[in-house]
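Examining the three-dimensional arrangement
Okay, here's what each chain looks like letter by letter:
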Amino acid sequence: MALFRFATEPSARPLIRTETLTLRPPQADDYAAWAALRIESREFLTPWEPTWAEEDLTRNSFRQRVKRAAREIAADEAYSLFLFETRTAALVGGLTMGLVRRGVAQTCTLGYWMGQRHAGKGHMTEAVRGAVRFAFTELALHRVEAACLPHNEPSRRLLERVGFRLEGRARGYLRINGAWAEHLLYGILASDPLPERRDAG
């Protein structure tokens, strides 16, 4: 049964393949590519993310990140994945289906980031569409939630293009770049239609 696959088979690693991307959990030998992409994209990502810890880009911090990702997958708590171009094997960004809630909720929260030089090429739209399908088919979830800053137009367009619906606003929802920020709340249900790819984002 999909609900318990990773709890009973901790060695199983989720792998999502889309038209041009491969999504998989981080591995120790991804460190150099990940650190380089994050460093070169720091100014680009800063307005949209929590403040980076001083040790965030160290090899030891990354090692802990890899262990945490594996542990959370085994416990069916979160699915942190890196995005790679299948043709070139280049790391382009990351995506997390976190805060998995079972029981009467059967939902998770989606978050994502893209390296600056890979942004605007349609990669994240493709990845999010693949992740949503994975959440509904492989994880048997009922709902996927996402939140974005009101002025983050690219992220809003991406979510709406994939089929998420705007459901409301939350004051002081997340601490982003050192300040509590209002977010727009989006959701998509397993019963909602998933639009086919129409344009890049």
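Structure shown above.
The structure reproduced in this document is the subject of the present report. (Residues numbered from 1 in each chain as written. Predicted model: local features only at pLDDT ≥ 70, side-chain atom pairs only at ≥ 80, totals over all residues. Heavy atoms only, no water.)

Here we come to the nonpolar core. Counting 35 residues, the largest nonpolar core has Leu95, Met97, Val128 and Phe164 as its most contacted members. The set of elements that each furnish at least two residues to this core consists of strand S2 (21–24), strand S3 (79–85), strand S4 (91–101), strand S5 (107–114), helix H5 (123–137), strand S6 (143–148), helix H6 (153–162) and strand S8 (179–189). Among the elements that make up this core, the one with the highest residue count is H5 (eight residues). Sequence-distant contacts of phenylalanine 164, defined by excluding residues within four places in its chain, comprise Leu110, Val128, Val132, Val144, Glu145, Ala146, Leu159, Tyr186, Gly187 and Ile188. Grouped together as the second largest cluster of nonpolar side chains are 13 residues, Tyr31, Ala35, Trp52 and Trp113 included. (Core = buried A, V, L, I, M, F, W, Y, C linked by side-chain atoms within 4.5 Å. Buried < 20%, exposed > 50% of the residue type's maximum accessible area, 1.4 Å probe, protein only. Helix = DSSP H or I, 4+ residues; strand = E, 2+ residues; numbered from the N terminus. Contact = heavy atoms within 4.5 Å.)

Once that is clear, we can look at the pattern of salt bridges. Per the counting criterion, the structure on display carries 11 salt bridges. Of the charged contacts in the structure, one is a salt bridge between arginine 38 and glutamate 49, with a shortest N-O distance of 2.7 Å. Linking arginine 38 in helix H2 (residues 31–40) with glutamate 49 in the loop between helix H3 (42–45) and helix H4 (59–74), this pair joins segments that are 11 residues apart in sequence. Residue arginine 38 shares its accessibility class with glutamate 49, and that shared class is buried. Between aspartate 76 and arginine 102 there is a salt bridge, with its nearest N and O atoms 2.7 Å apart. Separated by 26 residues along the polypeptide, aspartate 76 in the loop between H4 and S3 and arginine 102 in the loop between S4 and S5 bring together distant segments of the chain. On the accessibility criterion, aspartate 76 (10% relative accessible area) is buried. In this structure arginine 102 comes out as partly exposed when scored by relative accessible area, which is 23%. Taken together, the shared-partner salt bridges in this structure form one network comprising Arg101, Arg143, Glu145 and Glu167. (Salt bridge = Lys/Arg side-chain N within 4 Å of Asp/Glu carboxyl O.)

Turning our eyes to something else, we now look at the environment of leucine 99. Relative to the elements of secondary structure, leucine 99 occurs in strand S4. When its relative accessible area of 61% is taken as the criterion, leucine 99 is described as exposed. Between the C-alpha atom of leucine 99 and that of aspartate 76, which follows or precedes it by 23 residues, the distance is 9.3 Å. Contacts of leucine 99, omitting those with residues within four sequence positions, involve Glu77, Ala78, Thr107, Cys108 and Thr109.

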